[in-house]
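Residue-level listing of the chains:
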Amino acid sequence: MQSRKTFFGIVGIIIFLSLLFFGSYFFSGSSSELYSVDEPVKVRSDIEGSLKVLSPEKAYAALKEKYAGADFNHRHNMAHLFGEALYYSAGLKGINVCDTDFNFGCYHGFLIRAIAENGLDVIETLDASCLTLDVRPAACQHGLGHGIYEYLGAGKLVDALQACKKTKQLHPLAGCTS
């Protein structure tokens, strides 16, 4: 009888340790689980999933925490992908979630997608939203410049600079034209 209790005790400990190990492996935010920018479909799917179960602010905070230790380009690209998904999830009002972290990547992705979906007629609306932000509205306006240039395409820099005139650029060296 004693050997049977010992056997089940050992089996129980093994099961517990296995669950602990596999749980920590699959649910940790370690850098070994960071997605590569070569996996945009998987990244987008995970971001979209987080936006379905968390508020946009909490989903963005989770993304920033997960990728805080990643290299500069990786963080920036992940924030781009988040900005795009945020636009699809929250529409134009989602711009208030983005910030200057990860070198403005959330603004870039959000505004590229917003202009791609709405055309150049949305520039003034987006610029007005940028100007209401508490922190560095020029960073948001800079993202507008990315969106405009991408919308118009390479080789249309002069046209993009002309479109930036629709913004109330706060400083000549920072904003839509920077």
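**Some details on the layout of surface pockets**
Put simply, the largest pocket is a space of about 180 Å³. Asp46, Ile47, Ser50, Leu63 and Lys66 are the residues nearest the centre of the largest pocket, which is lined by 12 residues in total. Mapped by element, the contributors of at least two residues to the lining of the largest pocket are α2 (40–53) and α3 (56–67). At 5 residues, α3 tops the list of elements feeding residues into the lining of the largest pocket. Here the residues of the lining of the largest pocket sort into 9 nonpolar, 1 polar and 2 charged.

**Describing unusual backbone geometry**
For Phe102, which is not glycine, the phi torsion reads 55° and is therefore positive. With respect to the element layout, Phe102 can be found in helix α5 (residues 101–118). Residue Asn103 is not a glycine yet carries a positive backbone phi of 55°. Relative accessible area serves as the criterion here: at 36%, Asn103 is assigned to the partly exposed category.

**Quick notes on α5**
An α-helical turn contains 3.6 residues, so a residue and the one three or four places further along point in the same direction. Between the first and last C-alpha of α5 there are 25 Å, a value that for 18 residues agrees with the 26 Å anticipated at 1.5 Å per step. Burial analysis of α5 places 13 of its 18 residues in the buried class, which makes it a mostly covered element. Gly119 occupies a position one or two residues after α5 and carries a positive phi of about 80°.

**Brief notes about the packing of α3 against α5**
Viewed as axis vectors pointing N to C, α3 and α5 meet at an angle of 140°, and their least axial separation amounts to 12 Å. It follows from the interaxial angle that α3 and α5 lie oblique. The crossing of α3 and α5 is right-handed. On the side of α3, the interface is formed by Tyr60, Leu63, Lys64 and Tyr67, while α5 contributes Asp101, Phe102 and Cys106. Split by residue class, the contact of α3 with α5 holds 5 nonpolar, no polar and 2 charged.

Calculation criteria
- Residues numbered from 1 in each chain as written.
- Predicted model: local features only at pLDDT ≥ 70, side-chain atom pairs only at ≥ 80, totals over all residues.
- Heavy atoms only, no water.
- 1 Å grid on protein atoms, 1.4 Å probe; cavity = no way out; pocket = protein on both sides within 12 Å on 5 of 7 lines; lining within 4 Å.
- Points joined across faces, edges and corners; volume = space filled by probe spheres on them.
- Helix = DSSP H or I, 4+ residues; strand = E, 2+ residues; numbered from the N terminus.
- Nonpolar A, V, L, I, M, F, W, Y, C, P; charged D, E, K, R; others polar.
- Buried < 20%, exposed > 50% of the residue type's maximum accessible area, 1.4 Å probe, protein only.
- Expected span 1.5 Å × (residues − 1).
- Axes fitted to C-alpha atoms, helices over the stretch in contact; angles between N-to-C directions.
- Parallel < 35°, antiparallel > 145°, perpendicular 65-115°, else oblique.
- Left-handed = near helix turned anticlockwise from the far one by under 90°.
- Contact = heavy atoms within 4.5 Å.

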